[in-house]
Amino acid sequence: MLDRGLVVRDTLTLTSMCQSNCSAEYAAGLFDGEGTVFITYKRGGGGYVLETGITMTDREPLEAVCNTFGGTIFPNDSIGYEKAPNGNRNYWRWKPRKLEMCNFFRAVLPFLRCKHIQIQIALDFLAIKAEGYTRTGKQGSLSDESRSLREGYRLAIKEAKNL
């Protein structure tokens, strides 16, 4: 066997590496391949909400992202790595909260190759939400202008997925 300068590590070392922190470059690669970002409209006063996450069948890379950027890892159900009823492996999802999301987006943006436009739109959307928005007097619902602006961001992220 040829020695190509590769260092082979035991499983325990690899596992502890995955559970430690990760670089922004690594996180960007995971996000480009397995991540998602979208804006949804929540009826009943929820307004427009930015959602993001990384979904994978392997939990360890998500733990590294979670240790570095915060957030929470959820299984798709309570049985974790057990086989799903249809025989497929279950999956895990990393989901950051709002501040963690902003920090994550800023850290990975320079290294993204596929989702950089979506992330820039998401950061712009978060910025307009941080500035506050106009609500009408009725139960705090969004003004037509604010609703139209947010809907424009929702559609822009959706369209950027097709670029």
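> I would appreciate a short explanation of the nonpolar core in the present structure.
It is characteristic of soluble globular proteins that their nonpolar side chains tend to be buried jointly. In this structure, Leu 50, Ile 54, Val 65, Trp 94, Phe 104 and Phe 105 are the most contacted members of the largest nonpolar core, which totals 36 residues. At seven residues, helix α5 (residues 116-130) tops the list of elements feeding residues into this core. Apart from residues lying up to four places away in sequence, Leu 50 is in contact with Val 37, Phe 38, Ile 39, Met 101, Phe 105, Ala 122, Phe 125, Leu 126 and Ile 157.

> Can you help me understand the packing of helix α4 (residues 98-108) against α5 in this one?
Running from N to C, α4 and α5 cross one another at 140°; their axes reach a closest spacing of 10 Å. Of the possible angle classes, the one that applies to α4 and α5 is oblique. At the point where α4 passes α5, the crossing takes the left-handed sense. The segment α4 lies against α5, with Lys 98, Met 101, Cys 102, Phe 105 and Arg 106 engaging Ile 119, Ala 122, Leu 123 and Leu 126.

> Even after reading the chapter, I still don't get the environment of Met 56, so can you show me in this structure?
Its location among the elements puts Met 56 in strand β2 (residues 47-56). A relative accessible area of 14% places Met 56 in the buried class. As a C-alpha pair, Met 56 and Trp 92 span 36 residues in sequence and 5.4 Å in three-dimensional space. What Met 56 contacts, discounting residues up to four positions off in sequence, is Leu 30, Glu 34, Pro 61, Leu 62, Tyr 91 and Trp 92.

> Help me out: how do you make sense of the packing of α5 against helix α6 (residues 144-160) in this one?
Between two packed helices, the angle of one axis relative to the other and the distance separating the axes together describe the packing. Close contact between α5 and α6 brings their axes to 9 Å; oriented N to C, the two are set at 165°. Viewed along their axes, α5 and α6 adopt a mutual orientation that is roughly antiparallel. Once α5 is placed against α6, the crossing between them reads as left-handed. Along its contact with α5, which presents Ile 117, Gln 118, Ile 121, Ala 122, Asp 124, Phe 125, Ile 128 and Lys 129, the element α6 presents Leu 149, Arg 150, Tyr 153, Ala 156, Ile 157 and Ala 160.

What counts and how
- Residues numbered from 1 in each chain as written.
- Predicted model: local features only at pLDDT ≥ 70, side-chain atom pairs only at ≥ 80, totals over all residues.
- Heavy atoms only, no water.
- Core = buried A, V, L, I, M, F, W, Y, C linked by side-chain atoms within 4.5 Å.
- Buried < 20%, exposed > 50% of the residue type's maximum accessible area, 1.4 Å probe, protein only.
- Helix = DSSP H or I, 4+ residues; strand = E, 2+ residues; numbered from the N terminus.
- Contact = heavy atoms within 4.5 Å.
- Axes fitted to C-alpha atoms, helices over the stretch in contact; angles between N-to-C directions.
- Parallel < 35°, antiparallel > 145°, perpendicular 65-115°, else oblique.
- Left-handed = near helix turned anticlockwise from the far one by under 90°.

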